[in-house]
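Structural overview
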Amino acid sequence: MMELVTGGSGSGKSAYAESVICGKHRLLCETTENAPLYYIADMVPYGRETEKKIEAHRKMRAGKGFATLEWYVDLPGKISAPDSPELKGSCVLLECVSNLTANEMYEPGGAQNTGGDTPESVIKGVRMLKDQCAHLVVVTNDVFRESVPDSEEMTAYKGNLGMINRALAEMADQVTEVVFGVPVCIKSGSDMADGTGKQMKFITGGAYQGKLEYAKKLYPGAEWTDGAGCSLQEILSCGAVDHFHLFVRRWLQEGKTPQELIRAILDKNRDLIIVCDEIGCGLVPTDAFEREYRESVGRICTQLVEYADEVYRVTCGIGGRLR
């Protein structure tokens, strides 16, 4: 999943972006061992002013588990280099596109000085990151709202950055603008089309609340299977599954892991409609398996809901949309 974060100078976009990627990383580490967390830094240290900014960012991310990659130009080349770290399945924060664009235009090793194209290089690099990372957050700058006339050089820079921002926003699953510390979602997963016009749907609530009846009203043409007795292959090929929590119980009883199930569904059937009992409340079970089961249902559903464009909770037959 990719999120593009934009905003003006000093808007709080960096803090927001760090909170997002760290949150994604924590969730991922609950089901995947040792998922890497990378910070791609691309501000070239020029003089005391930039050094102070770099130091401030280092302090902000200190102790959060980031491994820093100082990649100033040629993102595609850095990613594909033999000594590049393993990015597959990782969480990455790239900060920021405005610096990277300037570097590609003006640094000796940048695209503009080596016969390449600045927007093409930046966009290709971010696309490569998105294809490999489990979660990617990219920070850019809004430098387009000012009255002072631009120089010829600044006009060229803004033209390149604007082109890059538009391409990244189209590529991203979510776009957030941070205004004085307030994140404003300007594009979410529900706005995205994956080529089919479909994404995962999720309906939850307590037992006996009428979830299935509500789901069938929402999605009248869906082909249903029942998690109480169906196979994994049925879940991966059907349109909708009821009693998903009961399938998870059987899955765990067979000695399989939550991450195996998550990966199978995301690889094979991201358009799935899931109806699942909400079982994480109430007293903690005394039986060890029951504790593992209820926690695993929560972890699995939390991961899958990341990819859902519609999420509903049903109480007494009344559905409320959460997303």
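All residue numbers here refer to positions counted from 1 along the written sequence of the relevant chain. Residue-level local features of this predicted model are given only where pLDDT is at least 70; pairs of side-chain atoms are given and counted only at 80 or more, and the full residue set underlies all totals for whole chains, interfaces and linings. The basis for every side-chain value is the complete set of heavy atoms in the structure, and neither hydrogens nor water enter the calculation.

Looking up the protein chain in an unreviewed UniProt entry gives the name Adenosylcobinamide kinase, with the organism given as Candidatus Mediterraneibacter faecipullorum. UniProt, in the comment section headed Function (unreviewed entry), describes the protein chain in these words: "Catalyzes ATP-dependent phosphorylation of adenosylcobinamide and addition of GMP to adenosylcobinamide phosphate." UniProt positions are given in the numbering used here, feature names are shortened, and annotations may be inferred rather than shown by experiment.

What follows covers the overall build of the protein chain. Helix and strand counts for the protein chain stand at 11 helices and 13 strands. Principal-axis analysis of the C-alpha atoms places the extent of the protein chain at approximately 65 × 35 × 35 Å. Partly exposed describes any residue whose relative accessible area lies between the buried limit of under 20% and the exposed limit of over 50%, with all areas from a 1.4 Å probe on protein chains only and scaled to the type maximum. Counting the 323 residues in the protein chain, one finds 47% classified as buried. Two residues form a contact once any of their heavy atoms are found within 4.5 Å. Counting contacts in the protein chain only where the partners sit at least 6 residues apart, residues at least 24 apart contribute 69% of the total. For the protein chain, the distance from the average position of its 36 positive side-chain charges to the average position of its 46 negative side-chain charges is 4 Å. Secondary structure follows DSSP: runs of H or I at least 4 residues long count as helices, runs of E at least 2 residues long count as strands, and numbering of each begins at the N terminus. Only four residue types enter the tally: Lys and Arg on the positive side, Asp and Glu on the negative side; His and the chain ends are excluded. Charged groups are reduced to one reference atom each: NZ for lysine, CZ for arginine, CG for aspartic acid, CD for glutamic acid.

Here, a salt bridge means any Lys or Arg side-chain nitrogen found within 4 Å of an Asp or Glu carboxyl oxygen. Summed over the entire model, instances satisfying the criterion amount to 10 salt bridges. For Lys158, the salt bridge identified is with Asp150, shortest N-O distance 3.1 Å. Where Asp309 meets Lys201, a salt bridge forms, and the shortest distance between an N and an O atom there is 3.0 Å. In this pair, Asp309 is assigned in strand β12 (residues 308–315) and Lys201 in strand β8 (residues 200–205), connecting sequence segments 108 residues apart. For the pair shown, Asp309 and Lys201 are each scored as buried. Taken together, the salt bridges that share partners define one network made up of Lys201, Asp309 and Glu310.

Between the first and last residue of a helix there are one fewer steps than residues, each counted as 1.5 Å, and that sum is the expected span. Spanning 15 residues, helix α5 (residues 118–132) covers 22 Å between terminal C-alpha atoms, matching the ideal 21 Å at 1.5 Å per step. Polar contact criterion, stated in full: a pair of N or O atoms within 3.5 Å, where within protein one must be able to donate a hydrogen and the other to accept it, and residues adjacent in sequence count only if both atoms are side-chain atoms. For α5, the N-terminal capping position is held by Asp117, with its side-chain oxygen 2.9 Å away from the main-chain nitrogen of Glu120.

The computed volume of the second largest pocket comes to approximately 880 Å³. Broken down by element, the lining of the second largest pocket gets its largest block of residues, 8 residues, from helix α2 (residues 47–61). Taken together, the residues that form the lining of the second largest pocket break down as 16 nonpolar, 12 polar and 7 charged. With a 1 Å grid spanning the protein atoms alone, the term cavity applies to any set of points in which a 1.4 Å probe fits but cannot get out, the term pocket to an open set with protein on both sides within 12 Å along at least five of seven lines, and the term lining residue to any residue with an atom within 4 Å of a point. Grid points are joined across faces, edges and corners, and a volume is the space filled by probe spheres set on the points. Residues are grouped as follows: nonpolar covers Ala, Val, Leu, Ile, Met, Phe, Trp, Tyr, Cys and Pro; charged covers Asp, Glu, Lys and Arg; every other residue, Gly included, is treated as polar.

This next bit is on the packing of aromatic side chains. Any two rings among Phe, Tyr and Trp, with Trp reduced to its six-membered ring, count as a pair given centres within 6.5 Å; such a pair is stacked if its planes are under 30 degrees apart, edge-to-face if over 60, and tilted if neither. Evaluated as defined, the whole model comprises 4 aromatic pairs. Ring centres of Tyr214 and Tyr312 lie 5.8 Å apart, and the angle between their planes is 65°; this geometry places the pair in the edge-to-face category. Of this pair, Tyr214 sits in helix α7 (residues 211–218) while Tyr312 sits in strand β12, and the two are 98 residues apart along the sequence. Here Tyr214 falls in the buried class, since its relative accessible area comes to 18%.

Counted according to the given criterion, the structure contains 1 cavity of 30 Å³ or more. Estimated volume of the largest cavity: approximately 50 Å³. Lining the largest cavity we find Met1, Met2, Glu3, Val20, Lys24, His135, Leu136 and Val137. Going through the elements one at a time, β1 (2–7), α1 (13–29) and β5 (135–139) are the ones with two or more residues in the lining of the largest cavity. The element contributing the most residues to the lining of the largest cavity is β5, with 3 residues. Here the residues of the lining of the largest cavity are counted per class, giving 5 nonpolar, 1 polar and 2 charged.

Let us look at the sheet that holds strand β7 (residues 182–187). For two strands to be treated as a pair, DSSP must find no fewer than two bridges joining them. What the 7 strands build is an open sheet, ordered β3-β2-β4-β5-β1-β6-β7; its pairing is mixed. Single-partner strands in this sheet number two, and they are β3 (67–70) and β7. Within this sheet the neighbouring strands show an average axis-to-axis angle of 20°, counted without direction. Across 5 bridges, strand β4 (residues 91–95) lies against β5 in parallel orientation. Within β5, the residue paired with Val92 across the bridge is Leu136. Axes here refer to lines fitted to C-alpha atoms; in helices the fit is confined to the stretch in contact. Angles between the N-to-C directions go from 0 to 180 degrees.

Along an α-helix, residues three or four apart share an orientation, since each turn contains 3.6 residues. Between the first and last C-alpha of α1 there are 24 Å, a value that for 17 residues agrees with the 24 Å anticipated at 1.5 Å per step. By the criterion of burial, α1 is predominantly enclosed, with 12 of the 17 residues buried. Buried residues of α1: Lys13, Ser14, Tyr16, Ala17, Glu18, Val20, Ile21, Cys22, Gly23, Lys24, His25 and Leu28, and no others.

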